[in-house]
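Report on the structure
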Amino acid sequence: MNQFQKAISLIDEINAEDPTKELLEGKEIPKELLYSIRMTDKLADFEPDSSEAMKLAVRAQHIARWRIPRSDYPMDRVGYLRWREELKKMHADLAAEILEKSGYDQETIERTKFLIRKKQLKTDPDTQTMEDVICLVFLEYYFEEFATKHESEKVIDILQKTWAKMSEKGQRAALQLPLSPSSLKLVKEAIT
């Protein structure tokens, strides 16, 4: 097993501990393990020649997310932003520990942490690719359920914010996703 395979295996081991399960083809799968696999698959489709740091970052982007529950923070915008920052730091630090155990050099570790923390969005091409992949995975796998739980005004607002974070390449890819007619209608309404 090379260092990349070892790191992926260790990330997956932790994500397999997620107590929240999702049903996929009649089988229960730990939520964050499934998310990390979807992120890896989407990166392979969207930007197949990505760096190893990018591949590691997308796999570890939500590592052990359940350890810091949203309910531990005030249920307002400030609380939400603080929760997100704490999560990014925890994900990056945990990934760094795994990469160190797997034998990675400091440069790769720092770059992976940088990407997980989504530093320099819109100016760093890899950070932008990371954000595009995150948005594409959200739209393809999680948007439909999200949309049913919220008023369409909020859904449109979230879609507009998501769209603004994406590159033109990411936006083009989003319009090619296998979205339901109702989801596609919401997306088109949000972006026009």
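Details of the structure are given in the entry above.
Analysis parameters
- Residues numbered from 1 in each chain as written.
- Predicted model: local features only at pLDDT ≥ 70, side-chain atom pairs only at ≥ 80, totals over all residues.
- Heavy atoms only, no water.
- Helix = DSSP H or I, 4+ residues; strand = E, 2+ residues; numbered from the N terminus.
- Rg over C-alpha atoms; globule rule 2.2 N^0.38 Å.
- Buried < 20%, exposed > 50% of the residue type's maximum accessible area, 1.4 Å probe, protein only.
- Contact = heavy atoms within 4.5 Å.
- Polar contact = N/O pair within 3.5 Å; in protein donor to acceptor, adjacent residues only side chain to side chain.
- Salt bridge = Lys/Arg side-chain N within 4 Å of Asp/Glu carboxyl O.
- Axes fitted to C-alpha atoms, helices over the stretch in contact; angles between N-to-C directions.
- Left-handed = near helix turned anticlockwise from the far one by under 90°.
- Arc of directions from axis to C-beta.
- Phe/Tyr/Trp six-rings, centres within 6.5 Å; stacked < 30°, edge-to-face > 60°.
- Lys NZ or Arg CZ within 6 Å of the ring centre and 35° of its normal.

Glancing now at the overall build of the protein chain. Scanning the protein chain from terminus to terminus reveals nine helices and two strands. Sequence-ordered secondary structure for the protein chain, helices as α and strands as β, is α-β-β-α-α-α-α-α-α-α-α. Scaling as 2.2 N^0.38, a compact globule of 192 residues should have a C-alpha radius of gyration of about 16 Å, and the protein chain matches this with 17 Å. Looking at the protein chain as a whole, 47% of its 192 residues are labelled buried. Partitioning the intrachain contacts of the protein chain with sequence separation of at least 6 by distance along the chain shows that 63% fall at a separation of at least 24.

Note on placement: Arg59 falls in helix α3 (residues 52–60). For Arg59, the side chain forms a polar contact with the side chain of Thr40, separated by 2.9 Å.

Our focus in this paragraph is the pattern of salt bridges. Here the structure, examined in full by the defined rule, presents 15 salt bridges. Glu85 serves as the salt-bridge partner of Arg117, at 3.8 Å between the closest nitrogen and oxygen. Of this pair, Arg117 sits in the loop between α5 (106–116) and α6 (125–148) while Glu85 sits in helix α4 (residues 77–101); the two residues are 32 residues apart in sequence, bridging distant segments of the chain. The exposure class assigned to Arg117 is partly exposed, which follows from its relative accessible area of 25%. Note on Glu85: relative accessible area 39%, which makes it partly exposed. Among the salt bridges present, the one from Arg111 reaches Asp124, with a minimum N-O distance of 2.9 Å. With Arg111 in helix α5 and Asp124 in the loop between α5 and α6, this pair connects stretches of sequence that are 13 residues apart. Residue classification places Arg111 among the partly exposed residues on the basis of a relative accessible area of 25%. What emerges from the salt-bridge pattern is a single network uniting Glu85, Lys88 and Arg117.

Attention now goes to the packing of helix α2 (residues 31–46) against α6. The packing of two helices is summarised by the inter-axis angle and the distance between the axes. Closest axis-to-axis distance for the α2/α6 pair is 9 Å, and the angle between their directions is 120°. The two elements α2 and α6 cross, and the hand of that crossing is right-handed. Contacts between α2 and α6 involve Tyr35, Arg38, Met39, Lys42, Leu43 and Phe46 from the former and Thr129, Asp132, Val133, Ile134, Leu136, Val137, Glu140, Tyr141 and Tyr142 from the latter.

So, on to helix α9 (residues 181–191). Buried within α9 we find Ser183, Leu186, Val187 and Ala190. In a view along the axis of α9, the buried residues occupy a sector of 100°, so they form one face of it. Residues of α9 that are exposed and point over 90 degrees away from its buried face: Pro181 and Lys185. In the core, the buried residues of α9 are packed alongside α6 and α7 (152–165).

Now for the packing of aromatic side chains. In the structure shown here, the tally under the stated rule is five aromatic pairs. Between Phe138 and Phe143, the ring centres sit 6.0 Å apart and the planes meet at 75°, which makes this aromatic pair edge-to-face. Classification of Phe143 as buried rests on a relative accessible area of 0%. Site record: aromatic cluster; members linked through ring pairs are Tyr35, Tyr141 and Tyr142. Cation over ring: Lys169 sits above Phe46, and NZ or CZ is 4.5 Å from the ring centre.

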